[in-house]
Structures are given as structure tokens and as C-alpha cells.
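Inside the fold
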Amino acid sequence: MSEPMIQLETTSKASSNGGPGAAKSGGCASSSCGLTAPDDIDPAIWERIKDHPCFSEEAHHYFARMHVAVAPACNIQCNYCNRKYDCANESRPGVASEKLTPDQALRKVIAVASEVPQLAVLGIAGPGDACYDWKKTKATFERVAREIPDIKLCISTNGLALPDHVDELADMNVDHVTITINMVDPEVGAKIYPWIFYGHSRYTGIEAARILHERQMLGLEMLSKRGILTKINSVMIPGVNDAHLIEVNRWVRDRGAFMHNVMPLISEPSHGTYYGLTGQRGPKPLELKALQDRLEGGAKLMRHCRQCRADAVGLLGDDRGREFTLDQIPGDVTYNASKRHAYRQLVARERGDHLAARKDAITAVTSVGSGGSLLVAVTTKGGGRINEHFGHAKEFQVYAVSQKGINLVGHRKVERYCVGGWGEEATLYNIIATLEGIDVLLCAKIGDCPKKQLAEAGVRATDAYGYDYIETAIGALYAAEFGVEPLVATA
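Residues numbered from 1 in each chain as written. Predicted model: local features only at pLDDT ≥ 70, side-chain atom pairs only at ≥ 80, totals over all residues. Heavy atoms only, no water.

As for the overall build of the protein
For the protein, the helix and strand inventory stands at 13 helices and 17 strands. Here the protein holds 491 residues, and 54% of them are scored as buried. When contacts within the protein are restricted to residue pairs at least 6 apart in sequence, long-range pairs at least 24 apart make up 73% of them. When the accessible area of the protein is evaluated, it comes to approximately 20,900 Å², of which 49% is carbon and sulfur surface. (Helix = DSSP H or I, 4+ residues; strand = E, 2+ residues; numbered from the N terminus. Buried < 20%, exposed > 50% of the residue type's maximum accessible area, 1.4 Å probe, protein only. Contact = heavy atoms within 4.5 Å. Areas by Shrake-Rupley, 256 points an atom, 1.4 Å probe, with all protein chains shown as cover.)

A closer look at the confidence of the model for the protein
Residues at a pLDDT of 70 or more form 87% of the protein, whose mean pLDDT is 86. Counting interchain partners and residues more than four positions distant, the pLDDT-below-50 stretch residues 1-6 has 10 contacts. Considering only residues more than four positions removed or in separate chains, one finds that residues 8-34, a stretch of pLDDT under 50, has 54 contacts. (pLDDT = per-residue confidence, 0-100.)

Digging into the side chain of Asn 75
By the element assignment, Asn 75 lies in the loop between β1 (64-67) and β2 (76-77). The exposure class of Asn 75 is buried, given its relative accessible area of 2%. Contacts of Asn 75, omitting those with residues within four sequence positions, involve Asp 129, Tyr 132, Asn 158, Leu 160, Ala 161, Trp 195, Ile 196 and Phe 197.

Here we look at the packing of helix α7 (residues 245-254) against helix α9 (residues 285-295)
The interhelical angle for the contact between α7 and α9, taken along N-to-C directions, is 40 degrees, at an axis separation of 10 Å. In terms of axis orientation, α7 runs oblique to α9. Handedness of the α7/α9 crossing: right-handed. Contacts from Leu 245, Ile 246 and Asn 249 in α7 reach Leu 291, Arg 294 and Leu 295 in α9. Across the contact of α7 with α9, the residue classes break down as four nonpolar, one polar and one charged. (Axes fitted to C-alpha atoms, helices over the stretch in contact; angles between N-to-C directions. Parallel < 35°, antiparallel > 145°, perpendicular 65-115°, else oblique. Left-handed = near helix turned anticlockwise from the far one by under 90°. Nonpolar A, V, L, I, M, F, W, Y, C, P; charged D, E, K, R; others polar.)

Some remarks on the sheet that holds strand β5 (residues 176-180)
Read from one edge to the other, the open sheet built from seven strands follows the order β9-β8-β5-β4-β3-β1-β10, with strand pairing classed as mixed. Among the strands making up the open sheet, the edge pair consists of β9 (259-264) and β10 (313-314). Here β1 pairs with β10 via two bridges, running antiparallel. Directly across from Met 66, in β10, lies its bridge partner Val 313. In this fold α9 packs onto β8 (229-236) and β9, with an angle of close to 160 degrees to the strand it touches most, β9. (Pairing = 2+ DSSP bridges.)

Focus: the sheet that holds strand β13 (residues 405-413)
The strand order across the open sheet formed by five strands is β13-β12-β11-β16-β17, and the pairing between neighbours is mixed. Whereas interior strands pair on both sides, the edge strands pair on one side only; in this sheet they are β13 and β17 (460-462). The mean inter-strand angle of the sheet, taken between neighbouring strand axes irrespective of direction, is 25 degrees. Contacts from helix α10 (residues 338-366) reach β12 (395-402) and β13 within the one sheet, and its direction differs from that of β13 by about 110 degrees.

Observations regarding the packing of aromatic side chains
Overall, the coordinates contain six aromatic pairs when judged by the stated rule. Relative to Tyr 275, the ring of Tyr 274 has its centre 5.9 Å away and its plane inclined at 55 degrees; by these criteria the two rings are tilted. Arranged with centres 4.6 Å apart and planes meeting at 50 degrees, the rings of Tyr 478 and Phe 482 form a pair that is tilted. Residue Tyr 478 and its partner Phe 482 are both found in helix α13 (residues 470-482); the two are separated by four residues, about one turn of the helix. Overall, Tyr 478 belongs to the buried group, its relative accessible area being 0%. Through pairs of rings, three or more aromatic residues link up here, namely Phe 390, Phe 396 and Tyr 417. (Phe/Tyr/Trp six-rings, centres within 6.5 Å; stacked < 30°, edge-to-face > 60°.)

A few points about the pattern of salt bridges
Any two side chains of opposite charge can pair, so long as their charged atoms come close to each other. Taken as a whole and assessed by the stated rule, the structure comprises 28 salt bridges. The closest approach of N and O atoms between Glu 58 and Arg 351, which form a salt bridge, is 2.6 Å. Remark: Arg 351 occurs in helix α10 and Glu 58 occurs in the loop between α1 (43-49) and β1; sequence separation between them is 293 residues. Each member of the pair, Glu 58 as well as Arg 351, is classed as buried. (Salt bridge = Lys/Arg side-chain N within 4 Å of Asp/Glu carboxyl O.)

A closer look at the environment of Arg 351
With relative accessibility at 1%, the residue Arg 351 sits in the buried group. Through-space distance from the C-alpha of Arg 351 to that of Glu 58 is 8.9 Å; in sequence the pair is 293 residues apart. Within polar-contact distance, the side chain of Arg 351 engages the side chain of Asp 51 at 3.0 Å. (Polar contact = N/O pair within 3.5 Å; in protein donor to acceptor, adjacent residues only side chain to side chain.)

A short note on α13
Between its first and last C-alpha atoms α13 spans 18 Å; for 13 residues at 1.5 Å apiece the expected length is 18 Å, and the two agree. Burial analysis of α13 places 10 of its 13 residues in the buried class, which makes it a mostly covered element. Of all the residues in α13, the buried ones are Ile 470, Glu 471, Thr 472, Ala 473, Ile 474, Gly 475, Ala 476, Leu 477, Tyr 478 and Ala 479. (Expected span 1.5 Å × (residues − 1).)

Focus on the pairing of strand β3 (residues 119-124)
The element β3 is extensively covered by neighbouring structure, given that six of its six residues are classed as buried. Alignment of β3 against strand β4 (residues 152-157), held across four bridges, turns out to be parallel. In the strand pairing of β4, Val 121 is matched with Lys 152. Where the polypeptide runs from β3 across helix α3 (residues 134-147) and back to β4, its parallel neighbour, the crossover connection is right-handed. (Right-handed = clockwise from strand over helix to strand, strands pointing away.)

Points about the nonpolar core
By size, the foremost hydrophobic cluster in this structure holds 58 residues, and its most contacted members are Val 68 and Leu 122. Examining the composition of this core, we find that seven residues originate from one element, helix α2 (residues 102-115), more than from any other. Apart from the residues within four sequence positions on either side, Val 68 is in contact with Leu 100, Ala 105, Val 109, Leu 122, Gly 123, Ile 124, Gly 126, Thr 140 and Ala 310. Cys 78, Met 183, Met 263 and Cys 305 belong to the second-largest nonpolar core, a separate cluster that totals 35 residues. (Core = buried A, V, L, I, M, F, W, Y, C linked by side-chain atoms within 4.5 Å.)

And the structure:
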């Protein structure tokens, strides 16, 4: 049987004059070419995170995750959570369109792994708590590990029941765990958690928050001692725990957390959460970025999170879960590994070229004498390239560039501007508001009308770097902005 055709999003916008779109081959033919650890990551850690899109910002350009909603039971109540509400068009933790048994989950994982070549990670993130609903979590992992032994297994948990299962997690080779920790001060926690259920009893107020805090710290310390990589999720709630998250960052760093992910509160009234119904607002993008900037130098920050659903499938920012509902999956499925294997061979070479181009771009930018900085939004659909039309974008990835380097600092979700071949004026207005603080927008293609209106709002938009690597394009833009010799683009 011939290998399936797999194509990365690397189409070059060829240029005959050597401009920004000029193609340059990396000249590497080996399937493992270039896959050395970046300079700022320990090689042993790199081997563990290089294909995990949540634990590696670089990997999220190439690899996908899926969550199976097998764990509906939960042992705490959060003021920002309502698992009864579900809209297939939103991305929010704790929601799922259908709950699965372990056997149904296995069937779904086999179907996705056979059709989505980017799949690298299987996670259980609810819709309740993976450690509290432990029997279903364990049964699912055992079934999947037998059928697809190379898939990474990870869980997301509130941490209350975590210490009871650390040994089993290690025995099952679960190497990545996410704990949601929103406070280390029980008085702050009492404003976030109305109650917990622990030891066959319900606790409320400060006592509930104290127990949860102690269990979370114990679980984190146990994971660190076992060498399991731990990511901490924290929800930024303005006026409740925003300033306090600086202390949270210090606590989790001192206890061995690998990464800290500060996420914005989602509090739409229609979701029916306590915060949504009481008018508690979420942070603005610039407020979130300001807090994340203050945390630099503590625990390593994650800035590419998409706050995924409990049944998410696909690349971060491109949820394909609706393609794999149970009614669309045959009753008898057989795992076909050919697409995943072929994809990994192709992507290894592409990643080698990308990492080399990224290193060159950062070296050039950091050597510039100017003290200038830019906040740049880009449209991408994977592969680390600017390869999405402005009108089709559902989010913008945001990069900060200065003499400190080129760094992903977040993303901003939007509605698609172009629907059925026509641009929506109201949607463009909302997009412009979402791009507050952005200096330049880079996309594969953009029409004159939105480009003009963006310019009037103070955002320069250009498709001159379409299909280039993101860092190469930003480096060339920075060079042009501050008067130094630009890099040669690699597309």
C-alpha cells in the first residue's frame, strides 16, 4: 500500500526579486534533520515536550491533542464553571457535547489517530475531574495505551484528589499533568470556590479553600519528586486573584512546576456561571499580557493556551471535535498508523528548517542597536508560517519583538471576517477592537478595504511576508522598521 499524501502548510509565495517572499531551501533531506533542542531548553526536557503542543510553544505549530470526556464527576465547585452549558462554537474548559465511556473513548481515539496525522497527545480534562473520576480515567488510558503505545497521555485536574493517584500515574507513564491552582491564600480561595467534597464530607468557605490548597501543594510536590512534568493553570479574575497570582507563581516554581499558564476568566452571562450572573468581568488582553509580563523570571510561562474544551480535537486554535462525534464513527474501527508515521517524517525536516530560521531571526533582532519594540499579530493555520488569509482567520497569534528577541505573548480570538465570499462590516469593527495595542498585522493575504480600515485604526496590515516562517517575517519587519539589513526569508 502506498503511503498517504500529507502536505504541510508550506506553500511558498515565490518571488523573482529576492523580496520577502523569496524561497530558500534548508537543503536537509533527513527525516530527523535539525531536531536538536533549542538553546534555552535542556535536551532531556526537550525530548519529553517536543511533540506536546501544550508543554511546548514550538510543538503547537505542528502537533495536535485530543481530549476525551470520560470523567464527568467533580469534587469542587468553581465560580467560573458551569458544566451543564455547552455550545459547540465556543472553546471553554469543562464543556463537552457528549460524555464517553472508556470503550467509546477508545473507539474515538482510534478514529482520530487514523485520520488526524498531527495527533500526538491524549488528555483527560473532565468535563469533571480526571483524578476524582479515577476509575474511568484509568480504564481509558489502559485501553488506549494497548492500542496506540506511542501516544502521550496526560491529565488535567483541580488537584484535590491528585495525591491519591500519583503513583498510578507514574506507573502508567503519564508524564504530563496539569493542575488548576488559582490561589495559595485560603481567603482568596473562598471567593473562587463555594464548596469542595473531600473525605466523604462537604466543606465551604475558608476551610474548603485551605484543604484544597494543601492538597494541591502536596500533589505538586509528589509529581515533582517522581519527575512528572507539571503545568499549572491559573484563571486571572480581575479584583479577585489577579495581583495574588504573582504569589501563586512563586509557590509553584519553588515546588517544581515546569510551566505556569495564566488564562483569562471567561464569564459570559449566557454561560450561567456565578461570575457570569454576578457581572464579574474577565481581563482585557492588555491586562492579561501585563500580568504575564510581571511574572517573567518566575516559573516558565505558557502563552499559547486556547482554554480547550473537554472534548477538543486537533491543533490548538483549530478544534475539529465536531467531525468525530460518536454518530460519525463506525462501530468497528481499526487503527491505521500510516498517516501519523508519514506526517512525522515530513514534519521533522520542516521543524529543523524552522528552528534554524527562528534562531537566525532572533540573533539578527537581538543584535540590532535600536531599542524599539513592536507588537505583531499574525494569521496562521499551522506549520509556524504566515499562511492564513485575513478573512478566514479565527484568531491572531501575537508576538512581541525587541532587542530581547521574538516571543509569542498570546492570541486573540475573532469571528471570521469573510463568510460566503463577503466581508462583514460589523465583524471587522469587532476585529479592530480586538487588535487594540497591535502595531502590525501579518497575513497571507488581505483585501484593500479591511487593510485601509485597519490602517485608519492605527494597525498596519501587510501580506508582503505571506507563507514565510513567522519569526523570519517578524525579523525582516523589525529590520525594515529600525533601519538594519533585513533577513532573507525562508519559505
